[in-house]
Amino acid sequence: MKTFAYFLLFLVLAFVVILLAALLGDEGAWYFAWLVGTAMIVLIAAAGAALLDTQEDQAAQAHAAGERAVP
């Protein structure tokens, strides 16, 4: 049942995307690039934040153990 729900979700999503492409015409490529670019910026920022948190955790563990943190 879960697989069927995913199928229906992606079917509706594909329908919406095709409808938007038909309505937007030549401007569709610009909107697509804007959406992909925005998603990439958000993902890269999230990855950077995760790396920073990991580095801070390692530095705190090294400080608690009395070792020098490796940058």
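Residues numbered from 1 in each chain as written. Predicted model: local features only at pLDDT ≥ 70, side-chain atom pairs only at ≥ 80, totals over all residues. Heavy atoms only, no water.

**Remarks on the overall build of the protein chain**
And step 1. In terms of regular secondary structure, the protein chain is built from two helices and zero strands.
And step 2. The C-alpha atoms of the protein chain give 22 Å as radius of gyration, which overshoots the globular expectation for 71 residues (11 Å, by more than 25%).
And step 3. In terms of its C-alpha atoms, the protein chain occupies a principal-axis envelope of roughly 65 × 35 × 10 Å.
And step 4. Evaluated residue by residue, the protein chain yields a buried proportion of 3% over its 71 residues. (Helix = DSSP H or I, 4+ residues; strand = E, 2+ residues; numbered from the N terminus. Rg over C-alpha atoms; globule rule 2.2 N^0.38 Å. Buried < 20%, exposed > 50% of the residue type's maximum accessible area, 1.4 Å probe, protein only.)

**Here we look at a nonpolar patch on the surface**
And step 1. Together, Val12, Phe15, Val16, Leu19, Leu20, Leu23, Leu24, Trp30, Tyr31, Trp34 and Leu35 make up a nonpolar patch on the protein surface, roughly 1200 Å² of accessible area in all.
And step 2. When residues of the nonpolar patch are traced back to their parent elements, those giving at least two are α1 (2-24) and α2 (28-65).
And step 3. Looking at the element boundaries, Tyr31 is found in helix α2.
And step 4. The exposure class of Tyr31 is partly exposed, given its relative accessible area of 36%. (Patch = residues over 30% accessible without salt bridge, like charges linked within 9 Å, V, L, I, M, F, W, Y side chains within 5 Å. Areas by Shrake-Rupley, 256 points an atom, 1.4 Å probe, with all protein chains shown as cover. Salt bridge = Lys/Arg side-chain N within 4 Å of Asp/Glu carboxyl O.)

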